[in-house]
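# Observations on the model geometry
Spelled out, the chains give:
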Amino acid sequence: MQTPRLIYFADPMCSWCYGFSPVITQIRRTFGRALPIQLVMGGLRPGNDKPTTEQAKTELKIHWEHVHEATGLPFVDAVLDRPGFLYDTDPAARAVVRVRREDGEKAVQFLARLHHAFYAEGLDVTKAEVLADLAAEFGVDRDAFLTDFETDDLKHETWNDYATAQRAGVTGFPTLVGGPNEEGHYGIVNRGYQPAPAVLSVLHQWLGTEPDAATPA
């Protein structure tokens, strides 16, 4: 039987994925290398080329308040007030894929960093220069990052992630898929936001482990 793993379908500009970041951190701390996490970009609003309307800004702020109430995580909405702001999730997703090329584990951490940068710090993560600075925090060469960022190869790799999510029937983020089981199949572990205790309980049941018996990171 293959080693079990999690496939995490997420997006860097998905507010509920931001809310789920501490849960992913807790999973990594609890299970460590015994339960690897494979990150797949889901594609929330890739290629959006229309500036965010005032109505859309209002709706987003209300939505973000719901996430704040559920998770306690901080939000600032100043980025929405930048003139002509495009809520295009493709650049940030592409940045995650670029980091994933070097290290899949690092990409999971980088995704959490992007979430915090966008939602808690108000940084515009649709900009290549901002993304390059953030990637550099994880040891990625800034110039090499910028050189790769606009290549067709990296763009295609990112859009292949979106296609993978669609083929898997993933319709919302965050989504966790676990497997393989004894028959080699994968199944849904979690759809949408759930607090860490609920998700960890499901994982312990799946793996047949006790809460104090998992391997720490």
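Everything below is about the structure printed above this text.
From a predicted model like this one, the values you see are computed outputs, not experimental measurements.

### Things to note about the overall build of the protein
Looking only at helices and strands, one finds eight helices and four strands in the protein. Reading the secondary structure of the protein in the N-to-C direction produces β-α-β-α-α-α-α-α-α-β-β-α. What you see for the protein is a C-alpha radius of gyration of 17 Å, in line with the 17 Å of a compact globule of 217 residues. Viewed in the frame of its principal axes, the protein has a C-alpha envelope of about 50 × 40 × 30 Å. Relative to its 217 residues, the protein shows a buried fraction of 45%. Total accessible area on the protein stands at roughly 10600 Å², and carbon and sulfur atoms take up 50% of it. When the 20 basic and 30 acidic side-chain charges of the protein are each reduced to a single mean position, those positions are 1 Å apart.

### Let's talk about helix α8 (residues 196-207)
The first and last C-alpha atoms of α8 sit 16 Å apart over twelve residues, in line with the 16 Å expected at 1.5 Å per residue. Of all the positions in α8, only A196, V199, L200, L203 and H204 are classed as buried. Around the axis of α8, the buried residues are gathered within 135° of arc, so they sit on the same side. Seen from the open side of α8, the exposed residues pointing more than 90 degrees away from its buried face are P197 and Q205. Looking at the buried positions of α8, the neighbouring elements they touch are β1 (5-10), α1 (15-31), β3 (175-179) and β4 (187-191). Backbone geometry just after α8 places G208 at a positive phi near 70°.

### Re the pairing of β1
Most of β1 is tucked away: five of the six residues are buried. As paired strands, β1 and strand β2 (residues 37-41) are joined by five bridges and run parallel to one another. Bridge pairing in β2 links F9 to V40. Each parallel crossover has a hand, and for β1 linked through α1 to β2 it is right-handed.

### Observations concerning the environment of T3
Within the fold, T3 resides in the segment before β1. Classification of T3 by relative accessible area gives exposed; the value is 54%. Each C-alpha atom, one on T3 and one on P180, is 7.6 Å from the other, the two residues being 177 residues apart in sequence. Contacts of T3, omitting those with residues within four sequence positions, involve A34, G179 and P180.

### Some thoughts on unusual backbone geometry
Omega for the peptide link from F173 to P174 comes to 0°, which places this bond in the cis form. Topologically, P174 is positioned in the loop between α7 (152-167) and β3. The peptide bond linking G179 to P180 adopts the cis configuration, its omega dihedral lying at -5°. On the secondary structure map, P180 appears in the loop between β3 and β4.

### As for the packing of aromatic side chains
The tally for this structure, following the rule as stated, stands at 16 aromatic pairs. Taking 6.0 Å as the distance between ring centres and 45° as the angle between the ring planes, the aromatic pair formed by Y8 and F20 counts as tilted. Of this pair, Y8 sits in strand β1 while F20 sits in helix α1, and the two are twelve residues apart along the sequence. By relative accessible area, which is 0% here, F20 ends up buried. Over the ring of Y87 we find R45, and its NZ or CZ is 4.6 Å from the ring centre. In this structure, R94 packs its charged tip against the face of F149, placed 4.4 Å from the ring centre.

### A look at the side chain of T158
Considering the arrangement of structural elements, one finds T158 in helix α7. The class of T158 is buried, set by a relative accessible area of 0%. When sequence neighbours within four positions are dropped, the list of residues in contact with T158 reads D90, A93, R94 and V97.

Rules used in this analysis
Residues numbered from 1 in each chain as written. Predicted model: local features only at pLDDT ≥ 70, side-chain atom pairs only at ≥ 80, totals over all residues. Heavy atoms only, no water. Helix = DSSP H or I, 4+ residues; strand = E, 2+ residues; numbered from the N terminus. Rg over C-alpha atoms; globule rule 2.2 N^0.38 Å. Buried < 20%, exposed > 50% of the residue type's maximum accessible area, 1.4 Å probe, protein only. Areas by Shrake-Rupley, 256 points an atom, 1.4 Å probe, with all protein chains shown as cover. Lys, Arg positive; Asp, Glu negative; His and termini not counted. Charge placed at Lys NZ, Arg CZ, Asp CG, Glu CD. Expected span 1.5 Å × (residues − 1). Arc of directions from axis to C-beta. Contact = heavy atoms within 4.5 Å. Pairing = 2+ DSSP bridges. Right-handed = clockwise from strand over helix to strand, strands pointing away. Phe/Tyr/Trp six-rings, centres within 6.5 Å; stacked < 30°, edge-to-face > 60°. Lys NZ or Arg CZ within 6 Å of the ring centre and 35° of its normal.

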